[in-house]
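Coordinate analysis (summary)
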Amino acid sequence: MNIVKSMFLLFVVLLATNRIQAQTDLNQALEQAKKENKFVFMNFSGSDWCKSCILLKKTILNTEEFKDFAKNKLVILNLDFPRSKKNKLSKEQVKVNEKLAEKYNNKGHFPTIVLLNKEGKVLGKTGYKKLNPTQYINHIKSFLN
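Note that the structure is predicted; figures quoted are calculated from it, not measured.

On to the pairing of strand S1 (residues 39–45). Counted residue by residue, S1 has six buried out of seven residues, so it is predominantly covered. Strand direction decides the pairing type here: S1 and strand S2 (residues 74–80), joined by seven bridges, are parallel. Note that in S2 the partner of Phe-41 across the bridge is Ile-76.

Let us now look at the environment of Asp-80. Note on placement: Asp-80 falls in strand S2. Along the sequence, Asp-80 and Cys-53 sit 27 residues apart, while their C-alpha atoms lie 10.0 Å from each other. Setting aside residues no more than four positions away along its own chain, Asp-80 makes contact with Ser-45, Gly-46, Ser-47, Leu-89 and Asn-97. Within the structure, Asp-80 has its side chain in polar contact with the side chain of Ser-47 (distance 2.5 Å).

Attention shifts here to helix H3 (residues 51–61). Turning to H3, its buried residues number three or more, namely Cys-53, Leu-56, Ile-60 and Leu-61. One face of H3 carries all of its buried residues, which in axial projection span an arc of 75°. Summarising the geometry of H3, the exposed residues directed more than 90 degrees from the buried face are Lys-51 and Lys-58. Lining the buried residues of H3 we find S1, helix H4 (64–73), strand S3 (112–116) and helix H6 (133–144).

The next point concerns the state of the cysteines. In the structure shown here, the tally under the stated rule is one disulfide. Here Cys-50 engages in a disulfide with Cys-53; their sulfurs sit 2.5 Å apart. Its S-S torsion of approximately 75° makes the covalent link between Cys-50 and Cys-53 right-handed.

Reading guide: rules and limits
Residues numbered from 1 in each chain as written. Predicted model: local features only at pLDDT ≥ 70, side-chain atom pairs only at ≥ 80, totals over all residues. Heavy atoms only, no water. Buried < 20%, exposed > 50% of the residue type's maximum accessible area, 1.4 Å probe, protein only. Helix = DSSP H or I, 4+ residues; strand = E, 2+ residues; numbered from the N terminus. Pairing = 2+ DSSP bridges. Contact = heavy atoms within 4.5 Å. Polar contact = N/O pair within 3.5 Å; in protein donor to acceptor, adjacent residues only side chain to side chain. Arc of directions from axis to C-beta. Disulfide = S-S within 2.5 Å.

In structure tokens, the structure reads:
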């Protein structure tokens, strides 16, 4: 019985290690990017109303291929703008997201992906593209060189 419990625990740990913990604060994301020598992937999303945002998440961001790439190269910064009451953010987070949107997504396009270097310099902007994960990763890499 202990072997079964141990195997289950190992399975849970392995699943958890492939999850990417997204940031919601730019300063923390930049700090992590500096510490880990990564880029910041700012994702302006309307998670519960924007069809393209939902497609980007489903077809690219949630794939194992993208997660593996991001784990080694990116700090994910999610800046969500949900409309549904059940997905409502704290007032503080709304203010943070709106302030960053003024600076990095002032036209209000969703989704907007902004890539930053570890010093906070904008390397490029993109959004949803009808690409497979490999193609999208290569698209992102084109901003990082």
